[in-house]
Amino acid sequence: MLNIGIIGYGGMGSYHHRELIKKEDGVQVVGVYDIKKDRLDAAKNAGLKTYESLEALLSDNVIDAVLIATPNDVHKELAICAMNNGKHVICEKPAMMSTKELDDVIKVSKETGQVLMVHQNRRWDNDFLIIQDMYRKKPIGELFQIESRVHGANGIPGDWRHLEKHGGGMLLDWGVHLLDQLLFMVDSPVKEVSADLSYVLGDEVDDGFIAYITFENGVKALVEVGTTNFVKLPRWYVKGLEGTAVIDDWDLSGKVVKQTGVIDHHNLVPIKAGQGLTKTMSPPSEDATTTLPIVEVEADYDGFYQNFHDVVENGAVPIVKNEEVRDVLALIERIFEVAK
Ligand code: NAD
């Protein structure tokens, strides 16, 4: 059994990780450290051991690994301190504030032999798994355009996410998830990047962004995070050489339209469009296409905690590799740079 100590018992530490770990074999939460007394009280009320200091948690031999779920600016010092005290580390995303910080932490992981694994949990999202499966198996041909968006209308939530010194802003918050999914899926180096960050809410950090990414294999992607979108665009819109797929939301509503017959370009029937007529924008004839529902697919890799357990206990290959996490952070740095 791997005993986990949670550092940072806020939204993610208490609700997500605590609940998730309860369902896992081979891992359990045994204790909590947080700088806030009310969060320690909450942990105590949930039946967990609490520690009054970081040192107290790290010197407890019962704990094998820590889970860092604090604001982003303290991930580095906590991860290094934990590994130097003989603990493995699960770190929340974004792993660090920069590639330089991550390099320092990876160095300590190598020196101490302690595992460092970043919680890129959205590699297991159902909507992502479906698009990843389409990318690999090509049911609508080679995907050449991938649009991945998340839209909300509530602005930047919480407190520290508004501040640059804590690693706030939407590129580091949601961007890191969407970019991680994209780089995990597309098996080609990034060639070109252009981007625009949004500051319409007047915060010192971005409240959203749009990035255009071209890969060396020719695939083009648009990644967008918005917090001022009262009407959402679809979570995914992807075009393949033989069709188009749309996933509207996390409920997996959407459809796949596949070309299954010949489109008669010479005998297109014009449709009325606004104050004019168009053949170009008329829908393809019904016998040229087939509309299919979105079908769920299973991940062909273990769950996050199961994999972490196997990496620590049996030397398994991590699903979230630190080099991949570094590539995503490097892409984020490039997006900040080109958006200037
Ligand atoms: P939060 O503000 O709800 O909780 C953070 C907690 O950390 C608070 O209780 C705070 O008191 C505590 N804390 C701050 N500094 C500390 C320190 N030095 N030592 C110990 N405790 C400290 O924030 P959150 O939404 O839970 O986010 C925490 C982390 O989880 C962030 O890195 C965030 O990006 C990440 N996160 C990941 C996901 C995901 O889907 N993977 C979702 C949400 C948040």
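Residues numbered from 1 in each chain as written. Predicted model: local features only at pLDDT ≥ 70, side-chain atom pairs only at ≥ 80, totals over all residues. Heavy atoms only, no water.

Colleague: Explain the UniProt feature "domain: GFO/IDH/MocA-like oxidoreductase" (unreviewed entry) in the protein chain here, please?
Modeller: Sites flagged by UniProt as "domain: GFO/IDH/MocA-like oxidoreductase" (unreviewed entry) map to residues 131-245. Taken as a whole, residues 131-245 contains 20% helix and 36% strand, while its terminal C-alpha atoms sit 9 Å from one another. (UniProt positions renumbered as here; feature names shortened; annotations may be inferred. Helix = DSSP H or I, 4+ residues; strand = E, 2+ residues; numbered from the N terminus.)

Colleague: What should I look at first to understand the UniProt feature "domain: Gfo/Idh/MocA-like oxidoreductase N-terminal" (unreviewed entry) in the protein chain in this one?
Modeller: UniProt marks residues 2-119 with the feature "domain: Gfo/Idh/MocA-like oxidoreductase N-terminal" (unreviewed entry), using the numbering shown here. Overall, residues 2-119 shows 42% helix and 24% strand. The separation of its end C-alpha atoms is 17 Å.

Colleague: Any chance you could explain the packing of helix H4 (residues 75-84) against helix H5 (residues 99-112) here in plain terms?
Modeller: Relative placement of two packed helices is described by the angle separating their axes and the distance separating the axes. At a minimum axis distance of 9 Å, the contact between H4 and H5 shows a crossing angle of 5°. Judged on the interaxial angle alone, H5 and H4 are roughly parallel. Where H4 abuts H5, its residues Lys76, Ala79, Ile80, Met83 and Asn84 lie against Glu101, Asp104, Val105, Val108, Ser109 and Thr112. For the contact of H4 with H5, the class distribution of residues is five nonpolar, three polar and three charged. (Axes fitted to C-alpha atoms, helices over the stretch in contact; angles between N-to-C directions. Parallel < 35°, antiparallel > 145°, perpendicular 65-115°, else oblique. Contact = heavy atoms within 4.5 Å. Nonpolar A, V, L, I, M, F, W, Y, C, P; charged D, E, K, R; others polar.)

Colleague: Would you mind going over empty space enclosed by the protein with me for this structure?
Modeller: Gaps left between atoms show up when a probe the size of a water molecule is rolled over them. Per the counting criterion, the structure on display carries one cavity of 30 Å³ or more. Counted as a void, the largest cavity has a volume near 40 Å³. Around the largest cavity sit Arg149, Val150, His151, Lys232, Leu233, Arg235, Asp248, Asp249 and Trp250, which together line it. Each residue belonging to the lining of the largest cavity can be placed in one class, and the counts come to three nonpolar, one polar and five charged. (1 Å grid on protein atoms, 1.4 Å probe; cavity = no way out; pocket = protein on both sides within 12 Å on 5 of 7 lines; lining within 4 Å. Points joined across faces, edges and corners; volume = space filled by probe spheres on them.)

Colleague: Could you clarify how one ought to interpret the pairing of strand E2 (residues 27-33) in this entry?
Modeller: The buried fraction of E2 is high, at six of seven residues. Pairing between strand E1 (residues 2-7) and E2: six bridges, direction parallel. Residue pairing in the sheet places Gly5 in a bridge with Gly31 of E2. Looking at chain direction, E2 and strand E3 (residues 49-50) are connected through two bridges and run parallel. By the bridge assignment, Val32 is partnered in E3 with Thr50. Regarding topology, helix H2 (residues 37-45) serves as the crossover connection from E2 to the parallel E3, and that connection is right-handed. (Buried < 20%, exposed > 50% of the residue type's maximum accessible area, 1.4 Å probe, protein only. Pairing = 2+ DSSP bridges. Right-handed = clockwise from strand over helix to strand, strands pointing away.)

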